[in-house]
2 protein chains.
Amino acid sequence: MENATITDAIVKDLRFPTSLNADGTDAMHTDPNYSCAYVIIVTNTGFEGHGMTFTLGRGTEVVTQACKSLFRLVKGRNVKEIYSDFASVWRALTSDSQMRWIGPEKGVSHLATAAIINALWDLWARIEGKPLWKLLVDLTPEQLVSTIDFRYITDVITKDEAVAILKSNAQGKEEREKVLLKKGYPAYTTQVGWMGYSDEKVKDLCKKYLELGFTAFKVKVGINLKEDIKRCRLIREVIGYKNKLMVDANQIWEVEEAIDWVKRLAEFKITWIEEPTSPDDVLGHARIAAELEPYGIGVATGEMCANRVMFKQLLQARAIKYCQIDSARIGGVNEILSVYFMALKLGVPVCPHAGGVGLCEMVQHLQMWDFVALSGTSENRVIEYVDQQHEHFEDPTNVQNAHYMPPTAPGYSTKFKKQSVAEYEYPNGVAWQHMFKEGIFPEPVD
Amino acid sequence: MENATITDAIVKDLRFPTSLNADGTDAMHTDPNYSCAYVIIVTNTGFEGHGMTFTLGRGTEVVTQACKSLFRLVKGRNVKEIYSDFASVWRALTSDSQMRWIGPEKGVSHLATAAIINALWDLWARIEGKPLWKLLVDLTPEQLVSTIDFRYITDVITKDEAVAILKSNAQGKEEREKVLLKKGYPAYTTQVGWMGYSDEKVKDLCKKYLELGFTAFKVKVGINLKEDIKRCRLIREVIGYKNKLMVDANQIWEVEEAIDWVKRLAEFKITWIEEPTSPDDVLGHARIAAELEPYGIGVATGEMCANRVMFKQLLQARAIKYCQIDSARIGGVNEILSVYFMALKLGVPVCPHAGGVGLCEMVQHLQMWDFVALSGTSENRVIEYVDQQHEHFEDPTNVQNAHYMPPTAPGYSTKFKKQSVAEYEYPNGVAWQHMFKEGIFPEPVD
């Protein structure tokens with residue numbers, strides 16, 4: 001491997017004015033400006049690693065500060081040494097004896113960890129000249145598992161077990177890789193039903209995505225039950241009952257409220273209710289799951305799950321029927337891999353959260369690795385897809401016939417175009433300066 | 001009430017070089033520099049509110065950034081309006097539709113919320129001319145409960161139930177206030193057994209605190225079982241078996257490891273094992289609690305518990321026998337009050353975490369309110385006490401005969417002395433500049 005040393009990190013606050021079109025609106029997030037903390041790790045040999053964590057606008061400046069503060073823990077390190085014991089580097093970032101107090105392993109500091117860790121994986125994949133999914137697939141079971149810190153999850157899975165699972169599922173890997181390259185990986189769309197969209201727009205979008213080959217559709221619910229019923233009916237009228245329909249409440253409800261509300265939507269044959277309540281409420285989700293089971297409705301959550309310990313409990317408590325890992329949250333790729341292992345062991349399919357900025361770009365790699373090397377199947381699994389903000393990436397997603405086609409360029413698909421950075425860096429990018437001048441957004445006060 | 005408007009906030013990063021003496025060292029935090037993000041809320045009438053959240057040194061700069069970012073949500077507000085609907089202000093701080101993504105309600109953004117909220121309570125108490133505990137005691141049940149946001153906890157307690165509990169426990173309030181003013185509130189000491197202390201120092205400190213009237217002692221464990229056994233034996237030799245001994249692992253263990261390790265310490269009659277594993281692992285704590293119950297050892301945790309939803313589950317799952325609220329964590333006083341109500345309803349005594357910087361100063365107010373107005377008892381309850389960093393406060397704790405004596409000055413005891421701020425503001429304070437110059441600590445790189 002390239003004998004490079006990490007010399008610097010460039011950290012940027014990028015924000016896109018998505019709230020102007022109500023894109024991404026839901027019961028809790030009424031005006032998101034899809035944003036990210038973007039980290040470029042620089043080496044002394046010219047290789048760069050591009051990583052990011054997703055945010056919703058305000059507060060990104062806090063995450064970028066955390067990225068800068070955490071970066072000192074990897075600065076000066078040799079890349080060979082990092083990748084030969086990646087779990088230790090991950091632990092160094094998450095368990096610094098002073099910094100861990102402001103987490104630990106949650107919130108801002110863990111989002112920043114994800115951005116840095118994701119940049120390190122992008123760097124590794126670029127050095128190897130492979131897209132990340134292929135790098136993961138080609139690692140030996142021992143190499144792959146060596147990147148995971150098993151702290152706090154050994155009561156569910158150990159390092160040795162993880163290696164054994166990979167080995168026993170290795171048969172058929174080459175065949176599955178061929179299938180993947182040919183057919184891609186199935187996607188569902190959330191784009192038909194953002195909260196702020198009109199009925200007419202929802203209807204038109206359902207038709208559009210049906211024509212594009214989609215067979216699974218997700219819609220936002222949770223503010224008004226009558227409106228939710230009306231909207232579900234509208235969508236079912238367009239997509240019929242052979243296609244899948246999922247609903248997403250984005251944490252709006254109390255536990256009992258969630259149960260009552262979702263039962264009222266059961267007639268629309270709901271595959272899953274996503275984020276019915278607080279992302280931290282394992283026992284609450286378990287209760288909701290048990291109550292909705294007779295109605296054939298599963299519970300899904302994960303996009304705001306804090307870390308592997310929370311995922312562990314959601315899985316242990318049978319609180320989720322669908323495990324929604326998010327590529328920009330928890331501590332980046334290393335920790336997400338541990339969730340895939342726990343989910344497989346406890347029999348829960350992973351259906352990743354995506355959308356936002358860069359989430360689709362990243363998470364496809366992980367799910368493709370899972371298909372080829374770990375679970376070996378896409379049955380009962382699907383990746384969220386939203387057709388927005390892809391134009392800002394050098395290697396955007398390529399979705400054909402409602403399937404993510406495997407990335408071919410080296411890296412984690414996380415490198416922004418120079419032009420997009422110049423326009424959307426906050427608050428000094430050209431587009432923002434223009435919007436401030438036009439009064440479309442207020443200028444930030446210090 | 002004073003008709004004031006909030007005009008500004010001064011946010012400071014204060015750090016104390018406690019690592020130089022190994023004070024505060026434990027199995028996970030080997031070199032803490034006790035620190036805080038300190039927020040001074042300024043009004044147009046001269047009243048100020050002083051609030052803080054505790055940190056361990058590095059990373060405080062991230063929390064101060066978050067304080068600045070969140071402050072815009074209270075700037076310009078009228079104080080009358082704030083205190084007449086404090087729960088709404090609390091929710092505005094914790095549920096901003098863009099900012100909540102970087103939490104929600106956990107980690108850096110929630111620590112910053114705590115600092116601001118604590119400053120608002122200090123301001124209120126100063127305006128009323130009362131110490132905080134007395135302000136809380138004097139609020140009507142409806143007023144007190146109106147400060148709490150019950151989102152995500154109504155499956156355990158509702159607003160109406162909380163009011164009813166306060167009303168039914170009101171009898172004897174005046175009598176209990178007299179008892180409190182006379183006798184104070186019982187404390188235990190952690191100061192006999194920081195991880196980095198020598199045996200001789202431990203022995204001497206045990207003798208010292210025995211002489212000061214202490215009857216409960218806590219010691220750090222978790223790095224080396226033999227050493228832990230040796231240390232527990234040493235302490236029991238000095239304090240005997242009539243006094244209480246607690247041990248604290250500061251999250252070092254896996255679930256199964258915790259069970260095995262603590263069983264080996266059972267002979268020393270351990271009252272509680274504190275933080276045996278990840279602070280997020282409700283189900284893990286429940287398992288440890290069940291396994292240690294036959295040995296008469298309770299599980300205690302809470303100082304890194306993220307929010308009321310996590311406390312709710314620790315209580316629901318019977319995972320803790322002692323509920324350790326922390327005055328600088330979760331979202332400040334309002335959210336901590338909700339934990340007191342849940343703990344009382346589910347029959348778990350609150351034994352607050354303290355120490356650090358300002359934690360003793362703050363938490364005594366809350367526990368004293370609980371004694372007078374809520375639980376009405378100090379049975380099986382005790383506040384942690386560490387005799388360090390009190391000299392920096394204008395109204396430091398007053399511990400007599402191992403009891404916290406009730407504060408009398410208006411406020412939340414959170415105002416730092418000007419001199420301490422001038423010396424320990426990081427990195428420009430006089431003391432830090434001196435230590436950089438002397439090479440005691442390296443100068444921070446940007």
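Counting restarts for each chain, with residues numbered from 1 along the sequence as it is written. The order in which chains are written sets their letters, starting at A; the order in which ligands are written sets their numbers, starting at 1. Given that the model is predicted, a residue must reach a pLDDT of at least 70 before its local features are reported, and side-chain atom pairs must reach 80 or more before they are shown or counted; all residues, however, enter totals for whole chains, interfaces and linings. Values shown for side chains rest on all heavy atoms present in the structure; no hydrogens or waters enter the calculation.

### Re the pattern of salt bridges
Note on definitions: salt bridges are taken to be side-chain nitrogens of Lys or Arg within 4 Å of carboxyl oxygens of Asp or Glu. Evaluation of the coordinates by the stated rule reveals 56 salt bridges over all chains. As a salt-bridge pair, Arg-58 of chain B and Asp-96 of chain A come within 3.1 Å of each other at their nearest N and O atoms. With Arg-58 of chain B in the loop between strand E3 (48-55) and helix H1 (60-71) and Asp-96 of chain A in the loop between helix H3 (86-94) and helix H4 (107-128), this pair bridges two chains. Owing to a relative accessible area of 23%, Arg-58 of chain B belongs among the partly exposed residues under this scheme. A 1.4 Å probe rolled over the protein chains alone gives each residue an accessible area, and that area as a share of the maximum for its type sets the label: buried under 20%, exposed over 50%, partly exposed in between. On the accessibility criterion, Asp-96 of chain A (9% relative accessible area) is buried. Residue Lys-218 of chain B is joined to Glu-274 of chain B by a salt bridge in which the shortest nitrogen-to-oxygen separation is 2.8 Å. In this pair, Lys-218 of chain B is assigned in strand E5 (residues 216-220) and Glu-274 of chain B in strand E7 (residues 270-274), connecting sequence segments 56 residues apart. Overlapping salt bridges bring together Lys-218, Lys-220, Asp-248, Glu-274 and Glu-384 of chain A as one network. Segments assigned H or I by DSSP are reported as helices when at least four residues long, segments assigned E as strands when at least two residues long, and all are numbered from the N terminus.

### Some words on H1 of chain B
Residues and elements named next belong to chain B. With 12 residues, H1 extends 16 Å from end C-alpha to end C-alpha; this agrees with the ideal 16 Å at 1.5 Å per step. Counting buried positions over the 12 residues of H1 gives 9, a clear majority of the element. Every buried residue belonging to H1 is among Thr-60, Val-62, Val-63, Thr-64, Ala-66, Cys-67, Ser-69, Leu-70 and Phe-71, and all of these are buried. Given the number of residues in a helix, its expected span is that number minus one, multiplied by 1.5 Å.

### Describing the interface of chain A and chain B
The contact definition used throughout considers only heavy atoms, calling two residues in contact when any of these lie within 4.5 Å. Taken together, the 63 residues of chain A in the interface contact 63 residues of chain B. Its largest share of buried area at the contact with chain B, chain A owes to Arg-58, Gln-98 and Trp-101 of chain A, together 18% of the area lost on that side. There are 6 salt bridges connecting chain A and chain B. Measuring nitrogen to oxygen at the nearest pair gives 2.6 Å for the salt bridge that ties Lys-312 of chain A to Asp-281 of chain B. Whenever two N or O atoms come within 3.5 Å, that pair is a polar contact, provided that in protein one can donate a hydrogen and the other can accept it, and provided that, for residues adjacent in sequence, both atoms are side-chain atoms. Summed over the shared surface of chain A and chain B, the number is 42 residue pairs in polar contact (both at pLDDT 80 or more). Looking at the side of chain A that touches chain B, the elements with two or more residues in it are strand E3 (48-55), helix H1 (60-71), H4, helix H12 (282-292) and helix H13 (308-316) of chain A. With 6 residues, the top contributor of residues to the side of chain A that touches chain B is H1 of chain A. In terms of residue class, the side of chain A that touches chain B is made up of 27 nonpolar, 21 polar and 15 charged. The quantity reported as buried area is the accessible area (1.4 Å probe) lost by two parts once they are put together, taken as the sum for both. Under the grouping applied here, Gly and all other residues not named as nonpolar or charged are polar, the nonpolar ones being Ala, Val, Leu, Ile, Met, Phe, Trp, Tyr, Cys and Pro and the charged ones Asp, Glu, Lys and Arg.

### Here's the deal with the sheet that holds strand E2 (residues 35-43) of chain B
All names here are of chain B. The sheet built from 3 strands is open, its strands ordered E1-E2-E3 with antiparallel pairing. Since the sheet does not close on itself, it has two edges, and those belong to strand E1 (6-15) and E3, each with one partner. Adjacent strand axes in the sheet meet at a mean angle of 15° when their direction is disregarded. Alignment of E2 against E3, held across 8 bridges, turns out to be antiparallel. From the neighbouring strand, Ala-37 faces E3, where its bridge partner is Thr-53. Paired strands, as defined in this entry, are two strands with at least two bridges between them according to DSSP. Orientation is described by lines fitted to C-alpha atoms, with helices fitted over the stretch in contact, and by angles between N-to-C directions that extend from 0 to 180 degrees.

### A short note on the domain arrangement of chain A
All names here are of chain A. Start and end points for every domain follow an automatic or database-based domain assignment. The domain boundaries assigned to chain A delineate domain 1 (6-130 + 418-437) and domain 2 (166-404). Here domain 1 and domain 2 have C-alpha centroids that lie 24 Å from each other. Overall, the association of domain 1 and domain 2 removes approximately 2600 Å² of surface from exposure, summing both partners, and the carbon and sulfur fraction of that is 61%. Summed over the shared surface of domain 1 and domain 2, the number is 1 salt bridge. Of the charged contacts, one joins Glu-105 and Arg-308 as a salt bridge, the two residues approaching to 2.3 Å between their closest N and O atoms. For the pair domain 1 and domain 2, the number of links is 13 residue pairs in polar contact (both at pLDDT 80 or more). Among the secondary structure elements, those contributing two or more residues to the side of domain 1 that touches domain 2 are strand E2 (35-43), E3, H3, H4 and helix H16 (418-424).

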